[in-house]
There are 2 protein chains.
Amino acid sequence: MRAIIQRVTKASVTVGGEQVSSIGRGICVLLGISADDTQKDAEYMVRKILNLRLFEDESGRAWAKSVMDRELEVLCVSQFTLQCILKGNKPDFHAAMPAELAQPFYNSILESMRSAYRPELITDGKFGAYMQVNIQNDGPVTVELTSPAAPTDPKQLSKLEKQQLRKEKTRSKGSSESGREKSSLRSRQDPGASSGAEGDVSSDRES
Amino acid sequence: MRAIIQRVTKASVTVGGEQVSSIGRGICVLLGISADDTQKDAEYMVRKILNLRLFEDESGRAWAKSVMDRELEVLCVSQFTLQCILKGNKPDFHAAMPAELAQPFYNSILESMRSAYRPELITDGKFGAYMQVNIQNDGPVTVELTSPAAPTDPKQLSKLEKQQLRKEKTRSKGSSESGREKSSLRSRQDPGASSGAEGDVSSDRES
């Protein structure tokens, strides 16, 4: 699972010219779910999104407070294009979780976020719709998060997380993988939409 | 080097309430340079940014055309926070190239982009300044690019690129590393700025 977090002064989503959600100061989260993601990735991501220290404290010290600490808002938008694999210059999205699985999973992530924080401070785009996401990136401050279960960039991980990951790897060697569903379902949706659908999945390789 | 590419309907940058640049349809690029990046990373990134197929063609086929193919605009903004390493929930930016080295490097990347495309279609933020970057993300469509010389996510790479990377690794084993400068210079700048400065580099670990 990959998330792009942008610290914002304000952000909003419009669909067909109509505003469907908006926030003031806080973070805009673009969230890309991969076909391999599990509940574990979701838990990691919710925790990191809400606790990541992107804001200054009362005395102006930077990187001191999270969106929760400051009681600021979160706009979360599903974004399967973050699971892009480049084939030459052509994006391929087969690594993204298919929309019919991603939508309930994404909704459960939103729910976890609402339970962990305050529901009225967390808002959403419109899954699968063609949206305009208006982001006033404040700073700018942009951070990429990847959940540990995804292919990991070792530089992304803290020492503690690395230890945990090693433990998990050791443990999973002993256990069966049969519980993991791998779906190859592909759906066709609104070709303009890229928030969770895979309308434009491409399989042709660039010559 | 890491870039976050957002396909936009429009985008602009304001500094102190004053608009310093704006584009119409095209891409907004947030670019994070790491301390280890070289000319090779810059060349890869410029090529990918300009040739990445994020736009539809005349017949409406998605992921068919690049920003250059469609003669659209590019707004590029330096963003060292993309070189964030999490220490618990605290971002640490020691992996980012220090501002005094990053600024000329970043300017050379912009110049390469302008030479490879059309200079009047490429605009910039204000390096090191505290900016508001207004992004109207169209879709949304967001893609993360990492240059191959950086710690690589194998899923990000095409077969060709993997082969190239393997070749490069084999080659570099035989050569000296003495040519690579590793600077540990740290500078203090405007603490609000995060476009290229490292004003808020943190080294304390979370307890």
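Residues numbered from 1 in each chain as written. Chains lettered and ligands numbered in written order. Predicted model: local features only at pLDDT ≥ 70, side-chain atom pairs only at ≥ 80, totals over all residues. Heavy atoms only, no water.

### Topic: the confidence of the model for chain A
Residue and element names in this part refer to chain A.
Link 1 in the chain: Model confidence for chain A is summarised by a mean pLDDT of 82, while 71% of its residues fall at 70 or above.
Link 2 in the chain: Between residues 171-191, whose pLDDT stays under 50, and residues either more than four places distant or in other chains, the model counts 26 contacts.
Link 3 in the chain: The low-confidence segment residues 197-207, where pLDDT is below 50, has 39 contacts with residues more than four positions distant or belonging to other chains.
Link 4 in the chain: Predicted complex metrics record ipTM = 0.78 and pTM = 0.78. (pLDDT = per-residue confidence, 0-100. Contact = heavy atoms within 4.5 Å.)

### Observations concerning the pairing of strand β2 (residues 18-23) of chain B
All names here are of chain B.
Link 1 in the chain: Taken together, the five bridges between strand β1 (residues 2-15) and β2 define a ladder with antiparallel strand orientation. Bridge pairing in β2 places A11 opposite I23.
Link 2 in the chain: Remark: two residues form the turn of the hairpin made by β1 and β2, two consecutive strands paired antiparallel; G16 in that turn has positive phi of roughly 55°. (Pairing = 2+ DSSP bridges. Helix = DSSP H or I, 4+ residues; strand = E, 2+ residues; numbered from the N terminus.)

### A few points about the packing of aromatic side chains
Link 1 in the chain: Counted under the stated rule, the structure contains six aromatic pairs over all chains.
Link 2 in the chain: Between Y106 of chain B and F127 of chain B, the aromatic rings sit 5.8 Å apart at their centres with planes inclined by 40°, giving tilted as the arrangement. Within this pair, whereas Y106 of chain B is found in helix α2 (residues 99-116), its partner F127 of chain B is found in the loop between β9 (122-124) and β10 (131-146), the two being separated by 21 residues in sequence. Accessibility assignment for this pair places Y106 of chain B and F127 of chain B in one class, buried.
Link 3 in the chain: Taken together through their ring pairs, the aromatic side chains of W63 of chain A together with F80 and F93 of chain B make up a single cluster. (Phe/Tyr/Trp six-rings, centres within 6.5 Å; stacked < 30°, edge-to-face > 60°. Buried < 20%, exposed > 50% of the residue type's maximum accessible area, 1.4 Å probe, protein only.)

### Comments concerning helix α1 (residues 39-51) of chain B
Link 1 in the chain: With 13 residues, α1 of chain B extends 18 Å from end C-alpha to end C-alpha; this agrees with the ideal 18 Å at 1.5 Å per step.
Link 2 in the chain: Listed in full, the buried residues belonging to α1 of chain B are D41, A42, Y44, M45, V46, K48, I49 and L50 of chain B. (Expected span 1.5 Å × (residues − 1).)

### A look at the side chain of D92 of chain A
Residues and elements named next belong to chain A.
Link 1 in the chain: Of note, D92 is situated in strand β8 (residues 90-92).
Link 2 in the chain: Given a relative accessible area of 2%, D92 falls into the buried group.
Link 3 in the chain: At 3.0 Å, the side chain of D92 forms a polar contact with the backbone nitrogen of H94. (Polar contact = N/O pair within 3.5 Å; in protein donor to acceptor, adjacent residues only side chain to side chain.)

### A short note on unusual backbone geometry
Residues and elements named next belong to chain A.
Link 1 in the chain: Of the consecutive residues G139 and P140, the connecting peptide bond is found in the cis state with omega at -5°.
Link 2 in the chain: Of note in the backbone geometry, W63 takes a positive phi value of approximately 55° without being a glycine.
Link 3 in the chain: By secondary structure assignment, the location of W63 is in the loop between β4 (53-55) and β5 (65-66).

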